Amino acid sequence: MDDREQIAASFLRERFLSVISKLEGKPCTAILYDNSKVKATFVATTGAYNHIAVEDLHTPIGTVSSALIRTKDIQSLEIDILKMSDLELFVSIGLSEAKAKETLKNKNLTSNLKKVIDEFPKTDQPLTNYGTLLYHLASKLKSQDFKYVSLIDSYIFEHKLDTTQRIDCSLEYLRSLISENIDLLELDKACGVGIVITLDKIKQTVEEIISQNKNELIEKRYKFNTGGLMQEVRKQLVWADGKAIKNVVDSQILDILGAKTEADLAPVQKQKKVKEIKPIEKKPLVYEPLSIEELMSKVDFHKPGENFKTDGYVVTMNTEKLLSQHLKETGGKVITRFPPEPNGILHIGHAKAININFGFAKASNGECILRYDDTNPEKEEEKYFTGIKEMVEWLGYKPHRITHSSDYFDQLYNWAIALTKKGLAYVCHQKQQDMQGFNPPPSPWRNRPVEENLSLLNDMKNGIFDEGEATLRIKVTLEEGKQDPVAYRIKFLPHHRTKDKWCIYPTYDYTHCLCDSIENITHSLCTKEFQNRRSTYYWLCNSLDLYCPVQWEYGRLNMNYTVVSKRKISKLIENKIVNDWDDPRLFTLSALRRRGFPAKSINSFCARMGVTGAQAIVEPQMLESEVQDYLNLTASRTMVALEPLKIIITNFDELNKPCSLSVPDFPSDPDKGWHDVKFSSVLYIESSDFSQNADKDYRRLTIDQTVGLRYAGIVIKVIKVITDGTKIEEIHVQATDVKTAPKPKAFIHWVSNPHEIEVRLYDRLFMHKNPEDTNQVPNGYLSDINSDSLKIVNAYADEHILKSPVLKNYQFERLGYFCVDLDSNDTKLVFNRTITLKDSSSK
């Protein structure tokens, strides 16, 4: 060491001693960095401060500006030297600078890795010896694993966990524990601690497996896939070193096959397959929706009774006992619930919730409860209760049983008393506006005596206070920082079921988790906006020492060009913009049913949205596409003229055509059935299928251009147009048999001896994608109404559809899909347009 290095080392030694003097003689390792990122590592041992080694000392030293003191025994040190940067810390365990920077982009991984390094035992060995294992551990950690980091670190330090596989096994075992007591012998067994697979054992096992595949190996030589061999070895020798296995496999194959030849090194020549011509087998087209049950069977939810394995779940001293009792009562069944508020009609977003809850229960051979969250008597009506049940069943699901939050009002109130006795709830007199916002002032009544709170709560129940004068609040902080949510409020309103028994009603925050606990729900599945209430959910169950279900959140489903808020839909109804909750322009489930959307298509659409945490805002066409796929295979075809134009065939008698024609319900699959239509000299076609001033691209009937009539076997040619001013009254045509006439450019639909029907043509209700966006729609969603969202026309249809039941679907040929509306009666049919055809130009 030259003079310059000695001066630098002396300077560093003094600075280092001033720091470690605060360690009170405990062993530690300190890594110091200078401004030039030049590293000097000092190792200190108890009582031997003069025995300081200087390693990796390079030029020039400069002023020391940062230091990291690592010791398991000292929680904090007040020193005037800056902490090592995260980048430097990660590089110190062997990460490349690029890998360290990439790691820093991931906040969770960064936090985990710092914790793993911080709790690693003190050692005079370079951390690079353990870096790969520490990084792997950090990448696998979940929040419930943090309490085990010190233990796993010590196992890595003692070389008990010397592979990433053993680390994974340690985490799997520790996550399976409810109790804080860890059986280290069982942990060792689960991780294969102390099991050493000798090289001789690997060679023997590899030799046995290769011998079973020797003939194929010799045939294919080095084109043989050795991955399967190694997987089989790993199955038999779970704790064997992977690199050692590969080396032995390669060595033994070399002994058998010898060195690679030119043929072995040559690329594999792909053989051209001779295309086998198979007879075409006609298969019936079948709609195959995506199965929500299949989707939910693949979701990585916890098993019943293993709630504690879920990230973020809170374990208490009684968790094991409560889970055991829960399993005894449920028999290990999956139990979910769908908990709608009965103060409005379900919409497309609810369809996703219904499918997820009922679908997961069905996929798991479990049960799903329909529970009405009837805690707000203000807007609850019988029609909402019946409407919700009707829509659940329309989607194809049958609740295991139907319950109400109000079934548990007595129990919920008793638990409110219990919380108050524990000092975990209090009566507050703050006004609602004083409790709102991100940082409201704390309640001045938060610390009032328990007995006083109990007396005031009783007064609330007995109607002593007016509405808004008092609430019961629980002492818990939500995820976003909001404190003490309201558990009970006063409402002098009769309840739909309990009548005048109560004048205080519990809130959702208070009720939901406790009802889930009462009903032994295993998976409380809800949309993402309820994530910030998870702390209340777990806190309430645990504070009352009750079985605590797991809350899982998924992204909600929103649709463009609509509103689904109950309040906003009510406004649309009040302003007579729509007729009711089932107006086909809305995206309520009753409206979609009335419009003709099949339940199977809605379920399949929901399944395609998946079960992720991301919120989905989709175009209506995505749902419509699913509906089109279904109706294309299920909706019978019929001919209807929406804007009828009269046609008279002047030579009809010469054609010798029958007065009734048999027409297939599905032209592409005649085996599905037929229906008869009238045929006479007087027909009606679409007004748009004739033009007096057509351009060259117009392919239908004109003065000089013929057109064919579907199913009639004739081609018609205009001979006379009769008008009344600018209006065409009728067209006289001459017909020719299709077999002898020149081929027309198109065939059009028609109706003869028709019956008048009413057809309602629906379009988007709103002009903008998000009518609630004040930037796009500054005057509010009520100002964004599409004036052409409903057009009513009187159309002509064939008599064979007159007996159609309500909600029956048809494809009006070349026009779109239509559904028989609820307003239909014995004298008049009303049809709603469900959707147009995919290719409207086919008209």
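Criteria and cut-off values
Residues numbered from 1 in each chain as written. Predicted model: local features only at pLDDT ≥ 70, side-chain atom pairs only at ≥ 80, totals over all residues. Heavy atoms only, no water. Helix = DSSP H or I, 4+ residues; strand = E, 2+ residues; numbered from the N terminus. Salt bridge = Lys/Arg side-chain N within 4 Å of Asp/Glu carboxyl O. Buried < 20%, exposed > 50% of the residue type's maximum accessible area, 1.4 Å probe, protein only. Pairing = 2+ DSSP bridges. Contact = heavy atoms within 4.5 Å. Axes fitted to C-alpha atoms, helices over the stretch in contact; angles between N-to-C directions. Phe/Tyr/Trp six-rings, centres within 6.5 Å; stacked < 30°, edge-to-face > 60°. Lys NZ or Arg CZ within 6 Å of the ring centre and 35° of its normal. Polar contact = N/O pair within 3.5 Å; in protein donor to acceptor, adjacent residues only side chain to side chain. Parallel < 35°, antiparallel > 145°, perpendicular 65-115°, else oblique. Left-handed = near helix turned anticlockwise from the far one by under 90°. Nonpolar A, V, L, I, M, F, W, Y, C, P; charged D, E, K, R; others polar. 1 Å grid on protein atoms, 1.4 Å probe; cavity = no way out; pocket = protein on both sides within 12 Å on 5 of 7 lines; lining within 4 Å. Points joined across faces, edges and corners; volume = space filled by probe spheres on them. Expected span 1.5 Å × (residues − 1).

S.K.: For this particular structure, what's the right way to read unusual backbone geometry?
M.R.: Among all residues save glycine, negative phi is the norm, and among peptide bonds the norm is trans. Here the phi dihedral of N753 falls at roughly 45 degrees; this positive angle occurs in a residue that is not glycine. Along the polypeptide, N753 turns up in the loop between β28 (751-752) and β29 (755-762). You will see that R814, though not glycine, has its phi angle at about 70 degrees, which is positive. Along the chain, R814 turns up in the loop between β31 (809-812) and β32 (816-820).

S.K.: I would appreciate a short explanation of the pattern of salt bridges in the present structure.
M.R.: Side chains bearing opposite charge may pair, as long as their charged atoms lie close to each other. One pass over the structure, following the stated rule, counts 44 salt bridges. Put simply, R337 and D516 hold a salt bridge, and the shortest N to O gap is 3.4 Å. Residue R337 is located in strand β5 (residues 335-338), and its partner D516 is located in helix α21 (residues 508-518); the two are separated by 179 residues in the primary sequence. In this structure, K389 and E393 form a salt bridge, with 2.9 Å as the shortest nitrogen-oxygen distance. Linking K389 with E393, this pair stays in helix α17 (residues 382-394), spanning four residues, or about one helical turn. The class of E393 is partly exposed, set by a relative accessible area of 35%. Shared partners join several salt bridges into a network, and the residues in it are D582, R594, E758, R760, D821, D823 and K828.

S.K.: Looking at this model, I keep getting lost on the sheet that holds strand β16 (residues 636-638). Mind explaining?
M.R.: Strand pairing in a sheet relies on backbone hydrogen bonds, with the paired strands running either antiparallel or parallel. Pairing within the open sheet is mixed, and its seven strands lie in the order β16-β31-β32-β33-β29-β30-β17. The sheet is open, and its two borders are formed by β16 and β17 (640-641), each paired with just one other strand. Where β29 meets strand β33 (residues 830-835), three bridges bridge the pair, whose relative direction is parallel. Bridging from a neighbouring strand, R760 pairs with N832 of β33. In this fold helix α26 (residues 620-634) packs onto β16, β31, β32 and β33, with an angle of close to 120 degrees to the strand it touches most, β33.

S.K.: Where do I start with the pairing of strand β18 (residues 644-649) in this structure?
M.R.: Remark: a regular strand shows side chains that alternate across the two faces of the sheet. With five bridges connecting them, β18 and strand β21 (residues 682-686) associate as antiparallel partners. When the sheet's bridge partners are listed, L645 is paired in β21 with I685.

S.K.: What exactly am I supposed to notice about the packing of aromatic side chains here?
M.R.: Remark: the centre distance and the inter-plane angle together describe each pair of aromatic rings, the angle taken between the planes. Per the stated rule, a full pass over the model turns up 22 aromatic pairs. With a centroid separation of 5.1 Å and an interplanar angle of 35 degrees, the aromatic rings of Y508 and F530 are classed as tilted. A residue pair is termed long-range when its members are at least 10 positions apart, and Y508 in helix α21 and F530 in the loop between β12 (523-527) and α22 (534-543) qualify at 22 residues. An aromatic cluster is built from F409, Y413, Y488, W502, Y505 and Y510, whose rings are joined through pairwise contacts. Across from the ring centre of Y561, 3.9 Å away, lies the NZ or CZ of R764, which sits over that ring.

S.K.: Whenever I open this one, the side chain of R166 confuses me. Can you help?
M.R.: On the secondary structure map, R166 appears in helix α7 (residues 164-175). In terms of polar contacts, R166 uses its side chain to reach the side chain of D162, at 2.9 Å.

S.K.: Honestly, the environment of L557 in this entry has me stumped. Any pointers?
M.R.: By secondary structure assignment, the location of L557 is in strand β14 (residues 557-559). Here the alpha-carbon distance between L557 and G349, two residues 208 residues apart in the chain, equals 4.9 Å. With residues up to four places along the chain from it excluded, the contact list for L557 reads I348, G349, K352, F605, M609, A616 and V618.

S.K.: What exactly am I supposed to notice about helix α25 (residues 599-609) here?
M.R.: An α-helix turns once per 3.6 residues; consequently, residues spaced three or four apart project the same way. In terms of burial, α25 is a largely internal element, nine of the 11 residues being buried. Of all the residues in α25, the buried ones are A599, S601, I602, N603, S604, F605, C606, A607 and M609. Positive backbone phi, at 75 degrees, marks G610, one or two positions downstream of α25.

S.K.: What should I look at first to understand the sheet that holds strand β10 (residues 486-490) in this one?
M.R.: Taken in spatial order, the four strands make up an open sheet running β8-β9-β10-β11, and their pairing is antiparallel. What marks the edges here is a single partner per strand, and that holds for β8 (425-428) and β11 (504-506). Averaged over all adjacent pairs, the angle separating strand axes in this sheet is 20 degrees, with direction ignored. Bridge count between β10 and β11: three bridges; the pairing is antiparallel. Bridge assignment links Y488 to a residue of β11, and that residue is P506.

S.K.: Quick question: what am I supposed to make of the packing of helix α9 (residues 199-212) against helix α11 (residues 227-236) here?
M.R.: What describes two packed helices is the angle between their axes and the distance between those same axes. Following both chains from N to C, one finds α9 and α11 inclined at 130 degrees, their axes separated by 10 Å at the closest point. Looking at the two axes, α9 sits oblique to α11. Of the two possible hands of crossing, α9 and α11 adopt the one that is right-handed. Counting all contacts with α9, which are made through T205, V206, I209 and I210, the residues of α11 involved are L229, E232, V233 and Q236. Across the contact of α9 with α11, the residue classes break down as five nonpolar, two polar and one charged.

S.K.: Mind showing me how you'd approach empty space enclosed by the protein here?
M.R.: Following the criterion strictly, the structure yields six cavities of 30 Å³ or more and no others. Taken as a whole, the largest cavity holds about 80 Å³ of empty space. Within the residue set of the lining of the largest cavity, elements represented by two or more residues are α21 and α22. At four residues, the largest contribution of residues to the lining of the largest cavity is made by α21. In terms of residue class, the lining of the largest cavity is made up of five nonpolar, three polar and two charged.

S.K.: Mind showing me how you'd approach the environment of L412 here?
M.R.: Topologically, L412 is positioned in helix α18 (residues 409-421). With a relative accessible area of 0%, L412 lands in the buried category.

S.K.: I'm lost on α9 in this one. Help?
M.R.: With 14 residues, α9 should reach 20 Å at 1.5 Å per residue; the first-to-last C-alpha distance of 20 Å fits that figure. Lining the buried residues of α9 we find α10 (214-220), α11 and α12 (242-257).

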